[in-house]
Amino acid sequence: MVSRPPSSPQAHIVWDWNGTLLHDVDVVLEATNASFDELGIPRLTLERYRELFCVPIPRFYERLLGRLPTGEEWELMDGTFHRHYLARSHTAALAEGAAELLAEWRAAGRTQSVCSLASHDQLLPWLGRLGIEGHFVRVDGDTGGGTVRGKAAQMARHVRSLAGVDPGRVVVIGDATDDAVAAAHAGAHAVLHTGGSHSRRSLAAAGVPVVDTLDEAVEVATGLVR
């Protein structure tokens, strides 16, 4: 956990990491298919991946296999994917315009944070390597079990920990329907964008604004909390 008090109680953005600030969908697909090769599961196109993907991740495998994986199968699948993802993760870069948006939001006197299902121990140095860690008043990664249960409980804790921030003025920006579920659980708004793990059709089912760029996401987020 990294936390410091925000400077004001203005509008606050909670950013998702993978697929949102970090443009890693191509890396995710490569790692997914590499792990599928090992597990004997047919490869997926990006379009098919986006149609099937969901959180909690075991539900994603249920859609592929026609049944939920057993505990032993899940550990093997999860471990295999992460091994391949970590081997490729250094090739992922910030999403287009993300660095500028983060700097502009902070310069305007507004606060922002990160709540992610990425491992907390890996997330912190990742932000540092990309030079953006100073933009956030709080960073929370997964400390165990989020990929199985989803982000709702983690998001509620994250929002409660934002000193001086009204949940009604918080907007979660993410790339998955689970981000919208987590935002609602925390009493916050949500905006979803199409650059990550879900198709636009899948995102539309969440019942929140769906946009195609992070610029649009910030613009919509600003309008939601006026």
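Higher on the page you've got the structure.
Residues numbered from 1 in each chain as written. Predicted model: local features only at pLDDT ≥ 70, side-chain atom pairs only at ≥ 80, totals over all residues. Heavy atoms only, no water.

(A) Region of the structure containing the environment of glutamine 10. One can find glutamine 10 in the loop between strand E1 (2-3) and strand E2 (12-15). Spatially, the C-alpha atoms of glutamine 10 and arginine 226 are 9.8 Å apart, while their sequence positions differ by 216 residues. Beyond its immediate chain neighbours, meaning those up to four positions away, glutamine 10 contacts Ala108, Gly109, Arg110 and Arg169. (Helix = DSSP H or I, 4+ residues; strand = E, 2+ residues; numbered from the N terminus. Contact = heavy atoms within 4.5 Å.)

(B) Quick peek at the packing of aromatic side chains. By the definition in use, this model includes nine aromatic pairs. Measuring from ring centre to ring centre gives 5.7 Å for phenylalanine 53 and phenylalanine 60, while their planes differ by 55°; the resulting arrangement is tilted. Residues phenylalanine 53 and phenylalanine 60 agree in their burial class; the two are buried. Put simply, the rings of Phe36, Tyr49, Phe53, Phe60, Tyr61 and Trp74 pair up and form one aromatic cluster. A cation over an aromatic ring shows up here: arginine 110 above the ring of tryptophan 105, its NZ or CZ 4.7 Å from the ring centre. (Phe/Tyr/Trp six-rings, centres within 6.5 Å; stacked < 30°, edge-to-face > 60°. Buried < 20%, exposed > 50% of the residue type's maximum accessible area, 1.4 Å probe, protein only. Lys NZ or Arg CZ within 6 Å of the ring centre and 35° of its normal.)

(C) Broad picture of unusual backbone geometry. Residue proline 56 is reached from valine 55 by a cis peptide bond, and omega for that bond is 5°. Looking at the secondary structure, you find proline 56 in the loop between helix H2 (46-52) and helix H3 (57-65).

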